[in-house]
Amino acid sequence: MKIVVDKNLCIGCGVCVVIAPKTFKLDNEGKAEVIEPVGDNEATIQDAIDSCPVAAIKSTNSNGEEKL
Ligand code: SF4
């Protein structure tokens, strides 16, 4: 699973960081970024993705297809 944050959409609310702190952190502009390699399990990461208020986090499977 590959995780990408669209920083143009991210509003820096920090929800993803609270839910999956081993996968997301805020950069020095207050936007979320992905910690590689990701440190949380897939269910936790999916929870963070689903909780983002602006749907800025995308994940793709190993085929590069976007998971919704
Ligand atoms: Fe940005 Fe979404 Fe994470 Fe909030 S939950 S910091 S908007 S990526």
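These numbers were taken from a predicted model, which means no experiment stands behind them.

Chemist: Explain the environment of Val17 residue by residue, including any values.
Modeler: Tracing the backbone through its elements, the reader meets Val17 in helix H1 (residues 15–19). Of the residues examined, Val17 reaches a relative accessible area of 22% and is grouped as partly exposed. For the pair Val17 and Glu33, spaced 16 residues apart in the sequence, the C-alpha separation amounts to 9.2 Å. If near-sequence neighbours (up to four positions away) are discounted, Val17 is found in contact with Phe24, Lys25 and Leu26.

Chemist: Tell me what's going on with unusual backbone geometry, and back it up with residues and numbers.
Modeler: Residue Pro37 is reached from Glu36 by a cis peptide bond, and omega for that bond is -5°. The residue Pro37 is located in the loop between strand S3 (32–34) and helix H2 (42–51) in this model. Even without glycine at this site, Ala55 takes up a positive phi of about 50°. Structurally, the position occupied by Ala55 is in the loop between H2 and strand S4 (57–60). Using a relative accessible area of 40% as the deciding quantity, one classes Ala55 as partly exposed.

Chemist: Before we move on, can you summarise the pattern of salt bridges with the specific residues and values?
Modeler: One pass over the structure, following the stated rule, counts four salt bridges. Of the charged contacts in the structure, one is a salt bridge between Lys2 and Glu36, with a shortest N-O distance of 3.2 Å. Remark: Glu36 occurs in the loop between S3 and H2 and Lys2 occurs in strand S1 (residues 2–5); sequence separation between them is 34 residues. A salt bridge links Lys25 to Glu33, with the shortest nitrogen-to-oxygen separation between them at 3.6 Å. By relative accessible area, Lys25 is classed as partly exposed at 40%. What you see here is one network of salt bridges that share partners, running through Lys7, Lys25, Asp27 and Glu33.

Chemist: So what about the environment of Met1? Which residues, and what values?
Modeler: Summarising the element assignment, Met1 is placed in the segment before S1. On the accessibility criterion, Met1 (38% relative accessible area) is partly exposed.

Chemist: Describe the site of the ligand, naming the residues involved and giving the relevant values.
Modeler: Close to the ligand lie Cys10, Ile11, Gly12, Cys13, Gly14, Val15, Cys16, Ala32, Cys52, Pro53, Val54 and Ile57, which account for all nearby residues. Its residues assigned to classes, the shell around the ligand shows 10 nonpolar, two polar and no charged.

Chemist: Residue-level account of H2, with values.
Modeler: Residues of H2 that are buried: Ile45, Ala48 and Ile49. The buried residues of H2 occupy an angular sector of 100° when projected down its axis, which confines them to one face. Facing away from the buried side of H2 by over 90 degrees, the exposed positions are Ala43 and Asp50. In this structure, the buried side of H2 is in contact with S1, H1, strand S2 (24–26) and S4.

Parameters at a glance
Residues numbered from 1 in each chain as written. Predicted model: local features only at pLDDT ≥ 70, side-chain atom pairs only at ≥ 80, totals over all residues. Heavy atoms only, no water. Helix = DSSP H or I, 4+ residues; strand = E, 2+ residues; numbered from the N terminus. Buried < 20%, exposed > 50% of the residue type's maximum accessible area, 1.4 Å probe, protein only. Contact = heavy atoms within 4.5 Å. Salt bridge = Lys/Arg side-chain N within 4 Å of Asp/Glu carboxyl O. Near = heavy atom within 4 Å. Nonpolar A, V, L, I, M, F, W, Y, C, P; charged D, E, K, R; others polar. Arc of directions from axis to C-beta.

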